[in-house]
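# Descriptive analysis of the structure
Chain by chain, the residues:
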Amino acid sequence: RGGIARYINHSCEPNCVVERWKVKGQLRAAVIATQDIPAGTELSFDYQWERKRGRAPTKCHCGAPSCRGTLEVPRSMEEEALERKLSTHWKKPLIIRARNEIVNRCVRVWSKETQEYFIADVTAFDDTNGKHLLMYRHDLEEVWEDLKKEDWMILDEEGAKYIINRKKLKAES
């Protein structure tokens, strides 16, 4: 599962960043060097994992002088405010058997294991098996999910517009 980037290790002082782009309507992740990297040097990026309630932080072993000690980053006040603002915009789907109509939309899927929602972008739908390809925002992992068997919600149009406007403002800064 996932692309070759899954083999790139974390560092608190990385030599790469991950950017998410839409290419021909499909969400993709690109690993981009932030500096000249000599041949044979290990590539790394900051995983920036979200802190999870009920889960102990994951110890970082990168050895960088500025190592923060964990793979998780503290949530900013801005992120917490965004989550509060969007909390009323998550809706149960009206479509029982969602197909292509939710591609390029934002969903959150309930995890029975961790007892919390994970936010993902729907990047594709496979007519043959009825599954959607989701790119989870917390780790950029792409997973084929059968949403008919999952407890999930979709971000309504007003919430989606808020996210798009927020991205535009960041791009202009």
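Above this text sits the structure in question.
In what follows, the accompanying structure is described.

The rules behind each value
Each chain has its residues counted from 1, following the order in which its sequence is written. In keeping with the predicted nature of the model, local features appear solely for residues at pLDDT of at least 70, side-chain atom pairs appear and are counted solely at 80 or more, and the whole-chain, interface and lining totals rest on all residues. Side-chain figures throughout are based on the complete set of non-hydrogen atoms in the structure, without hydrogens or water. Whether two aromatic rings pair depends on their centres lying within 6.5 Å, for rings of Phe, Tyr and Trp, where Trp uses its six-membered ring; planes under 30 degrees apart make the pair stacked, over 60 edge-to-face, and the rest tilted. Two conditions define a charge located above a ring, namely a distance within 6 Å from the ring centre to NZ of Lys or CZ of Arg, and an angle within 35 degrees of the ring normal. Here, a salt bridge means any side-chain nitrogen of Lys or Arg that lies within 4 Å of a carboxyl oxygen of Asp or Glu. By the criteria applied, helices consist of DSSP H or I runs no shorter than four residues and strands consist of E runs no shorter than two, each listed in order from the N terminus. Relative accessibility decides the category of a residue: with a 1.4 Å probe and only protein chains considered, values under 20% of the type maximum give buried, values over 50% give exposed, and everything between is partly exposed. In plain words, nonpolar cores are sets of buried Ala, Val, Leu, Ile, Met, Phe, Trp, Tyr and Cys residues tied together by side-chain atoms within 4.5 Å. Contacts: residue pairs with any heavy atoms within 4.5 Å of one another. In this analysis, strands are considered paired if DSSP registers two or more bridges between them.

This paragraph deals with the packing of aromatic side chains. Under the defined criterion, the tally for this structure stands at three aromatic pairs. Look at Y47 and W49: their rings are 5.7 Å apart centre to centre, the planes differ by 25 degrees, and that puts the pair in the stacked class. With a centroid separation of 5.0 Å and an interplanar angle of 70 degrees, the aromatic rings of W110 and Y117 are classed as edge-to-face. Taken together, the aromatic side chains of F45, Y47 and W49 make up a single cluster linked through ring pairs. For R108, the ring lying beneath its charged end belongs to Y117, and the centroid distance is 4.2 Å.

Attention now goes to the pattern of salt bridges. Under the defined criterion, the tally for this structure stands at seven salt bridges. Here R20 and D121 are joined by a salt bridge, their closest N and O atoms 2.2 Å apart. Of this pair, R20 sits in strand β2 (residues 16-23) while D121 sits in strand β9 (residues 116-126); the two residues are 101 residues apart in sequence, bridging distant segments of the chain. On the basis of relative accessibility, which here comes to 28%, the residue R20 falls in the partly exposed class. You can call D121 buried: its relative accessible area is 10%. Put simply, E142 and R28 hold a salt bridge, and the shortest N to O gap is 3.4 Å.

So, on to the nonpolar core. One finds I102, V107, V109, L134, Y136 and W152 to be the most contacted residues of the largest nonpolar core, which totals 15 residues. Those elements giving two or more residues to this core turn out to be β8 (106-111), β9, β10 (131-136) and β12 (152-155). The dominant element in this core, judged by the number of residues it contributes, is β9, at four residues. Other than its neighbours up to four places away in sequence, V109 contacts E116, Y117, F118, L134, Y136, L147, E150, D151 and W152. Judged by nonpolar contacts, the second largest core, of six residues, contains L82, L86, W90 and M153.

So, about the sheet that holds strand β11 (residues 142-145). Here we have six strands laid out as an open sheet, ordered β7-β12-β8-β9-β10-β11, and antiparallel in their pairing. Where the open sheet ends on each side, the last strands, each with one partner, are β7 (90-91) and β11. Pairing between β10 and β11: four bridges, direction antiparallel. Bridge pairing links M135 to E142 in β11.

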